[in-house]
Amino acid sequence: MIDITLSKSASGVVSALPICATPALFTDFTYDNIGLPQNTEFLNTMKRNPAASLDGGLGARLAASGNPAWVALAADNMGAFKTPTLRNVAKGESNKRFMHNGVLKSLKEVVHFYNTRDVAAENWPAPEFPATMNTRRVGRLRLTDAEENAIVAFMRTLSDGWQPGVTNNQGVL
Ligand code: HEM
């Protein structure tokens, strides 16, 4: 997603600021491991063994690159995926699954995951790659239910009429 800075003031006001230089796209174009679990529902349906189906994302690509300089970076990037744009993320949301493996089923669940991933009582399944997981910016945000809902409402404001491959009236993509 986005790299938003979430902050909560003493009065309880939550602000979410895109900290990258391209606010219209709502991504910082980096890769991160946000601690997602495997999608066992999918793996079971596909009759795949979870233990043999780890998806290392960027780290796996680097490991397989054959370039020694990149291979050296693989371990630190296991489980990292590209932060996708949030523009239009809410479009068709009721028919969507979220994240690279579709493990989260709604925008509300996405925000709840960021908010409570590291809260033991929430019983989130174990992260696929705990060693490289981002524990600094996400995991325990202490947002209320209403604040989670406000972030979902914010994401719904990012939908527009843009369609891939359709030009505007100046002929520009
Ligand atoms: C509360 C703030 C945040 C919100 C509302 C948010 C929202 C989202 C959403 C909706 C997606 C799924 C996009 C899709 O499936 O099309 C996503 C994916 C992602 N976000 Fe965030 N995000 C937040 C914070 C962050 C932060 C702080 C980071 C980096 C530390 C981050 C990194 C990522 C990454 C790497 C993905 C892709 C993960 C994957 O597919 O495995 N997000 N985010």
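In this numbering scheme, every chain counts its residues from 1 along its sequence in written order. In keeping with the predicted nature of the model, local features appear solely for residues at pLDDT of at least 70, side-chain atom pairs appear and are counted solely at 80 or more, and the whole-chain, interface and lining totals rest on all residues.

Chemist: Describe the overall build of the protein chain, and please don't skip the residues or the numbers.
Modeler: Numbered from the N terminus, helices here are DSSP runs of H or I no shorter than four residues, and strands are runs of E no shorter than two. Along its length, the protein chain carries five helices and four strands. Ordering the α and β elements of the protein chain from the N terminus gives β-β-β-α-α-α-β-α-α. Every one of the 173 residues in the protein chain was classed for burial, and the buried ones make up 21%. Here contacts are defined at the residue level, using C-beta atoms placed from the backbone and a cut-off of 7 Å between them. A fraction of 65% describes how many contacts in the protein chain between residues 6 or more apart in sequence connect residues 24 or more apart. As a rule, residues whose C-beta atom has 12 or fewer other C-beta atoms within 10 Å are exposed, those with 20 or more are buried, and those in between are partly exposed; C-beta atoms are placed from the backbone.

Chemist: Got a sec to walk through the confidence of the model for the protein chain? Specific residues and values, please.
Modeler: Confidence per residue, as judged by the predictor, is encoded in pLDDT with a range of 0 to 100. For the protein chain, mean pLDDT is 86; residues scoring 70 or higher make up 80% of the total. Throughout residues 11-21 the model reports pLDDT below 50, and contacts reaching past four residues in sequence, or to other chains, amount to 21 contacts.

Chemist: So what about the packing of helix 4 (residues 107-116) against helix 5 (residues 145-156)? Which residues, and what values?
Modeler: Each packed pair of helices is defined by two parameters, the angle between the axes and the distance between the axes. For the pair helix 4 and helix 5, the least separation of the axes is 9 Å and the interaxial angle reads 130°. Our classification of the angle between helix 4 and helix 5 gives oblique. The two elements helix 4 and helix 5 cross, and the hand of that crossing is right-handed. In contact with Leu 107, Lys 108, Val 111, His 112 and Asn 115 of helix 4, helix 5 contributes Glu 148, Ile 151, Val 152 and Met 155. Looking at the contact of helix 4 with helix 5 residue by residue, the class counts come to five nonpolar, two polar and two charged. To get an axis, fit a line to the C-alpha atoms, keeping to the stretch in contact for a helix; angles then go from 0 to 180 degrees between the N-to-C directions. Working rule for angles: under 35 degrees goes down as roughly parallel, over 145 as roughly antiparallel, 65 to 115 as roughly perpendicular, anything else as oblique. Here is the rule for handedness: rotate from the far helix to the near one, and if that takes an anticlockwise turn smaller than a right angle the crossing is left-handed, while a clockwise turn gives right-handed. Polar here means any residue outside two lists: the nonpolar Ala, Val, Leu, Ile, Met, Phe, Trp, Tyr, Cys and Pro, and the charged Asp, Glu, Lys and Arg; Gly therefore counts as polar.

Chemist: Please give an account of helix 5 that cites residues and values.
Modeler: Under the 1.5 Å per step criterion, the end-to-end length of helix 5 is 17 Å for twelve residues, consistent within 8% with the ideal 16 Å. Residues of helix 5 that are buried: Glu 148, Ile 151 and Met 155. For helix 5, the angular spread of the buried residues around the axis is 60°, confining them to a single face. Opposite its buried face, helix 5 presents the exposed residues Ala 146 and Ala 153, each directed more than 90 degrees away. A helix is expected to span 1.5 Å for every residue after the first. Arc definition: directions from the helix axis to the C-beta atoms.

Chemist: Describe the nonpolar core, naming the residues involved and giving the relevant values.
Modeler: Across soluble globular proteins, nonpolar side chains show a tendency to be buried alongside one another. Leu 104, Leu 107, Val 110, Val 111, Phe 113, Tyr 114 and Met 155 are the most contacted members of the largest nonpolar core, which has 13 residues in total. Residue assignment for this core shows that the elements contributing at least two residues are helix 4 and helix 5. If you tally residues by element for this core, the top one is helix 4, at five residues. In contact with Leu 104, other than residues within four places in its own chain, are Arg 97, Phe 98, Met 99, Glu 109, Val 110 and Phe 113. For our purposes the nonpolar core covers buried Ala, Val, Leu, Ile, Met, Phe, Trp, Tyr and Cys residues that link as a set through C-beta atoms within 7 Å.

Chemist: Would you mind going over the environment of Ser 106 in detail, with residue names and values included?
Modeler: Looking at the secondary structure, you find Ser 106 in the loop between strand 4 (81-82) and helix 4. Overall, the presence of 14 C-beta atoms within 10 Å leaves Ser 106 in the partly exposed class. Spatially, the C-alpha atoms of Ser 106 and Asn 95 are 9.1 Å apart, while their sequence positions differ by eleven residues.

Chemist: Which residues make up helix 4, and what are the values?
Modeler: Because an α-helix packs 3.6 residues into every turn, residues spaced three or four apart end up facing the same way. Among the ten residues in helix 4, seven count as buried, and that is most of the element. For helix 4, the set of buried residues is Leu 107, Val 110, Val 111, His 112, Phe 113, Tyr 114 and Asn 115. Tucked inside the fold, the buried residues of helix 4 contact helix 5.

Chemist: Go over unusual backbone geometry, please, and point to the residues and values.
Modeler: The phi dihedral of Lys 47 falls on the positive side, at around 55°, and the residue is not glycine. Exposure remark for Lys 47: the 6 C-beta atoms within 10 Å place this residue in the exposed category. In this structure, Arg 142 is a non-glycine residue whose phi angle is positive, near 60°. With respect to the secondary-structure elements, Arg 142 resides in the loop between helix 4 and helix 5.

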